[in-house]
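# Chain and residue survey
Below are the chains, spelled out letter by letter.
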Amino acid sequence: LRGETFIVTDNKRGENKYENKFCMLSPLVKEKDFLGANTRYISIDKPVLIFKEALNEISIIKNNKVIWEKKASLNNNIITPLKWPVRPIEINDSYILRLRPVGSPIGQFRDIRLEADTNEIKKIKDVENLLGKNGFKWAEIINKNIEKNPNLSIALLFSDKIPSNDIFVRTKNKFINDSICE
């Protein structure tokens, strides 16, 4: 899978301009519309938030209100993956994911809009319950959906309910370490 590179730039005038990049591995783009270049259409109710780089701040905004945020401390950056920390996404929901990667000054963020898919929102808990403790079923569903619904595959791979298995552990590490960003 390929992540997407985002750029955080200085919005001030003058000579002290900077540019900072970060790579978002999840949620992945399901589709883009012409006007929504920074919109991610989400087809699952609890996406996993994964970035290759550490973050200083992450917030989730709904209806112009911050409903969840996490800030790094002086010695501890925010390392992902992070489970979706607010109520599950439903059809017609819209959120802003506000991110400040390590190295970006205070007040310099990148906003990414997360919109619920208009067709269907898969409930991760229902899929987890259907798969039970059968590692073969988990692997089959993860592999089957990697192209058509990568956010489902990623959410299942990083689920707390996934059977304990060295293959899944290695796959998680490989995904985070070997994914390429565009």
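Here the structure is shown first, and the text comes after it.
What comes next concerns the included structure. Fair warning: this is a prediction, and the values are worked out from it, not measured in the lab.

Here is what the cut-offs are and how they apply
Residues numbered from 1 in each chain as written. Predicted model: local features only at pLDDT ≥ 70, side-chain atom pairs only at ≥ 80, totals over all residues. Heavy atoms only, no water. Buried < 20%, exposed > 50% of the residue type's maximum accessible area, 1.4 Å probe, protein only. Helix = DSSP H or I, 4+ residues; strand = E, 2+ residues; numbered from the N terminus. Pairing = 2+ DSSP bridges. Salt bridge = Lys/Arg side-chain N within 4 Å of Asp/Glu carboxyl O. Contact = heavy atoms within 4.5 Å.

Before going further, it helps to spend a moment on the pairing of strand β3 (residues 39–42). Burial along β3 is two-sided: Thr 39 and Tyr 41 facing one way and Arg 40 and Ile 42 facing the other are all buried. Sheet analysis places β3 next to strand β8 (residues 110–116), joined by 4 bridges and oriented parallel. Residue pairing across strands places Arg 40 opposite Leu 114, the latter belonging to β8.

Right, let's get into the environment of Val 169. Mapping Val 169 onto the fold places it in helix α4 (residues 166–178). In sequence terms Val 169 and Phe 158 are 11 residues apart; their C-alpha atoms lie 9.2 Å from each other.

A separate point is the pattern of salt bridges. Taken as a whole and judged by the stated rule, the model has 9 salt bridges. Between Arg 100 and Glu 57 there is a salt bridge, and its shortest N-O distance comes to 2.9 Å. You can see Arg 100 sitting in strand β7 (residues 94–101) and its partner Glu 57 sitting in strand β5 (residues 55–62), a full 43 residues away along the chain. Neither Arg 100 nor Glu 57 differs from the other in exposure class; each is buried. A salt bridge links Asp 178 to Lys 174, with the shortest nitrogen-to-oxygen separation between them at 3.2 Å. Of this pair, Asp 178 and Lys 174 are both found in helix α4, 4 residues apart, which corresponds to roughly one turn of the helix. By relative accessible area, Lys 174 is classed as exposed at 54%. Residues joined by salt bridges that share partners form a network here, namely Lys 62, Arg 87, Glu 90 and Asp 93.

Here the focus is helix α3 (residues 150–157). Buried residues dominate α3, accounting for 8 of its 8 residues. Next to the buried residues of α3 lie β2 (19–26), β4 (50–51), α1 (124–131), α2 (135–145) and α4.

The next subject is the sheet that holds β2. The strand order across the open sheet built from 4 strands is β4-β2-β1-β9, with neighbouring strands paired in mixed fashion. Taken across any chain shown, the strands that pair with only one partner, and hence form the sheet edges, are β4 and β9 (180–181). In the sheet, strand β1 (residues 2–9) pairs with β9 via 2 bridges, with the strands oriented parallel. Of the residues in β9, the one forming a bridge with Gly 3 is Cys 181.

Checked against the element boundaries, Ile 112 lands in strand β8. Between the alpha carbons of Ile 112 and Leu 97 there is a distance of 5.1 Å; along the sequence they are 15 residues apart.

Right, let's get into unusual backbone geometry. Put simply, Ser 26 and Pro 27 share a cis peptide bond, and its omega is 5 degrees. Examined against the element boundaries, Pro 27 turns out to sit in the loop between β2 and β3. For the bond from Thr 80 to Pro 81, the omega torsion is 20 degrees, close enough to zero to count as cis. As for its placement among the helices and strands, Pro 81 is situated in the loop between β6 (65–71) and β7. Phi at Asn 92 takes a positive value of approximately 75 degrees, unusual for a residue other than glycine. On the secondary structure map, Asn 92 appears in the loop between β6 and β7. Accessibility expressed as a relative area gives 68% for Asn 92, which makes it exposed.

Limitation: the analysis is restricted to geometry and does not speak to function.
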